[in-house]
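What the coordinates show
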Amino acid sequence: MTEDVVKATASEPILRHRPFRLLATGALLSGFGDQVASVGYLIVAYGLTGSKSETTLMVVIQVLPYLLFGLLGGAVSSFLPRVRLMVSVDVARFILQLLLGVLALTGLLSLPIMLVSIFLIETGGCFFNPCSRAALVDFVPQERLISANAALSIGQNISRLLGPLAAAAITLLGSGAVFFFVDALTYLLSVAALLILYRSYPVRVDLRIEHREEGLFSRTWTALREFYGSALRDPVLVILFATTFVTVLFNTWSWNVGLFFKMAPDPDSGKLPYTLTLSLFALISILASIGISRLFQQLTLPFYATGVVLWGLGLAWLGLSDDLIALVAAVCAIAVGLTMASQSRVYLLQSRVSAVHVGQAFSASAVLLYFGDTASLSGFGVASESVGTGTLMVWSGFGVVAAGVICAVFLSVRRRRDATASSSSKEL
C-alpha cells in the first residue's frame, strides 16, 4: 500500500474503505471468538474440576500473559510486518483451539492442558492486539481515524452483547468442545480476511524496519528504548498513561463486581436486572460512538478530561441510586463518559505517537489497564468485606472524577506556561 492509495480513499465513508473493512473483520472476528471462549473456559474448567479456586485460575491465566509480555508485543509491532504477524498469531491460536476441541470431544482434556494452552493463546493476544490497533495508521488516513476507531468500538460492543448470548446457546448443546471449535472457526475466518488484506494492500514495511543488521532481541530493546525515551518526554502522554491507570483502578471493581452486587444483593436475587443494565450500557456506548464519529473531526485532551469527569460522576451517582430512573441515568452517564474517554485516548495515542511506535503505545496502555484491573479487584475486593457496595462505588466515582480534574488542571497549567513562554519570546 502506498500513500496514494490511502489518500484516494480518504473522502469515502470508512465502511467503504476496503482495507479497513478487512482489518476490522479480522480483529472483530478474533474478538468475538474470545468473548465466547472466555465464558466457555470457566464452564469447561468448572465441569472438569468442580473447584471454584481451580476455576479461578482460568481468569488469572488469561491476564498473566499481558502483564508478562504486553510491552514485548508492542515493541515487536514496531519493526515486524503487522498484518503478517497477526496472521501468524491467529493460525497458531486456531491450531491450539482446534486441539482443545478435539481433546474435549474425546474426553482427554485436563485442567493442566487447558491452562498451558490458554496461556499460549493469550500470549498470542499480546502480539495480535497492538498490531491490530497500530495497523490502522497503515491503512486509514489521519482524518478518518475517529470514524475508524468508532466503527471498531461499535463492533466490540456488539461482540460484548452477542458473545455471552452465543455462549448461552452453546451451553444448551451440552458439549464444552463447541466453545473451542467456535473460537477456532473465528480465528480461521480472521486469517482469511487478513490474508486478503496482506496480499492486496502490502504496506511498505521497509519504512518501519530500522537497524536491520541487529538481531531480534537487539531490535526489540532498541524499539523499547526509543519509544519510552520519547514518551516520557511528552507530558500529554505521561498524563494520559497516568489517568488511564487511575481510572481503571477506581472503575474495574465497581463496574464489574460492585454493580453485580448492587443489582443482585443476595444469591437468590434475579440476575435479569444486571444483564439488562449491561445491555443498556452497550447500547448507549454504541450510540455515543456514532455521535462522536459524526460530530468531531479530532479529539483533544480537554475532551478526554471531560469524558473522565462525566464517567466518574455517573459511577458515584450509580452508587447512590436506588430508583430505576436514577440508575438508568447513571448508566447512561457512565457509558457516554467512558466512550468519550476511551475514544479520545485511542485517538491521542494514534496522533501523538509516530506510526513506527504506535503499537507500543497501545501495548503500554494495555499493560496499565491490566495492572489497574488487578489492583482494583484485589484492593476493593478486600475493602468490600467491611465497607458497603454503594459506599465503595461512590468513592470509586470520585476517584475517577479526581483523575479527570487533575488532567484538566495539568492542561490549564500547561496552557498558561505556553502562553507565558510565547509572550516572552515575542518580547525578545
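No experiment lies behind these values; they were computed from the predicted model shown.

Membership of the largest hydrophobic core comes to 40 residues, with the highest contact counts inside it found for Phe227, Trp255, Leu301, Tyr304, Leu318, Ile334 and Leu349. Those elements giving two or more residues to this core turn out to be helix H9 (216-231), helix H10 (235-263), helix H11 (272-295), helix H12 (301-320), helix H13 (324-352), helix H14 (358-383) and helix H15 (389-427). Looking at this core, the element that brings in the most residues is H13, giving 9 residues. Filtering out sequence-adjacent residues up to four positions away, Ile334 remains in contact with Trp255, Phe281, Trp311, Gly314, Leu315 and Leu318. Core analysis: the second largest hydrophobic core is formed by 38 residues, Met86, Val87, Ile146 and Tyr201 among them.

Relative to each other, helix H2 (residues 18-49) and helix H4 (residues 82-106) sit at 30°, their axes nearing to 12 Å. On the basis of the axis angle, H2 is roughly parallel to H4. Pair H2 / H4 crosses with left-handed handedness. Here Leu23, Ser30, Asp34, Ala37 and Tyr41 of H2 come into contact with H4, specifically with Met86, Asp90, Arg93 and Gln97. Here the contact of H2 with H4 is composed, by residue class, of 4 nonpolar, 2 polar and 3 charged.

This next bit is on the confidence of the model for the protein. Looking at the protein as a whole, the pLDDT averages 81, with 87% of positions reaching at least 70. Taken element by element, the predicted model of the protein shows its lowest mean pLDDT in helix H1 (residues 3-8) (42) and its highest in H12 (94). Low confidence marks residues 1-8, where pLDDT is under 50. Its contacts with residues over four positions away, or in another chain, come to 14 contacts. Across residues 205-211 the pLDDT falls below 50, and counting only partners more than four positions away or on other chains, this stretch makes 19 contacts in the model.

Mapped onto the secondary structure, Gln360 falls in helix H14. Setting aside residues up to four positions removed in sequence, Gln360 forms contacts with Gly74, Ala75, Ser77, Ser78, Ala223, Leu224, Phe227 and Tyr228.

Looking at the element boundaries, Phe179 is found in helix H8 (residues 177-200). Separated by 75 residues in the primary sequence, Phe179 and Ala104 place their C-alpha atoms 9.9 Å from one another.

Bringing the packing of aromatic side chains into the picture now. By the definition in use, this model includes 7 aromatic pairs. When the ring of Tyr66 is compared with that of Tyr370, the centres are 4.6 Å apart and the planes differ by 20°; the resulting orientation is stacked. Residue Tyr66 is located in helix H3 (residues 52-76), and its partner Tyr370 is located in helix H14; the two are separated by 304 residues in the primary sequence. Each ring, one from Phe69 and one from Phe119, has its centre 6.2 Å from the other, and the planes form 75°; the classification is edge-to-face. In this pair, Phe69 sits in helix H3 while Phe119 sits in helix H5 (residues 111-134), placing the two residues 50 residues apart along the sequence. The structure contains a cluster of three or more aromatic residues connected by ring pairs, namely Phe250, Trp253 and Phe380.

Criteria and cut-off values
Residues numbered from 1 in each chain as written. Predicted model: local features only at pLDDT ≥ 70, side-chain atom pairs only at ≥ 80, totals over all residues. Heavy atoms only, no water. Core = buried A, V, L, I, M, F, W, Y, C linked by side-chain atoms within 4.5 Å. Buried < 20%, exposed > 50% of the residue type's maximum accessible area, 1.4 Å probe, protein only. Helix = DSSP H or I, 4+ residues; strand = E, 2+ residues; numbered from the N terminus. Contact = heavy atoms within 4.5 Å. Axes fitted to C-alpha atoms, helices over the stretch in contact; angles between N-to-C directions. Parallel < 35°, antiparallel > 145°, perpendicular 65-115°, else oblique. Left-handed = near helix turned anticlockwise from the far one by under 90°. Nonpolar A, V, L, I, M, F, W, Y, C, P; charged D, E, K, R; others polar. pLDDT = per-residue confidence, 0-100. Phe/Tyr/Trp six-rings, centres within 6.5 Å; stacked < 30°, edge-to-face > 60°.

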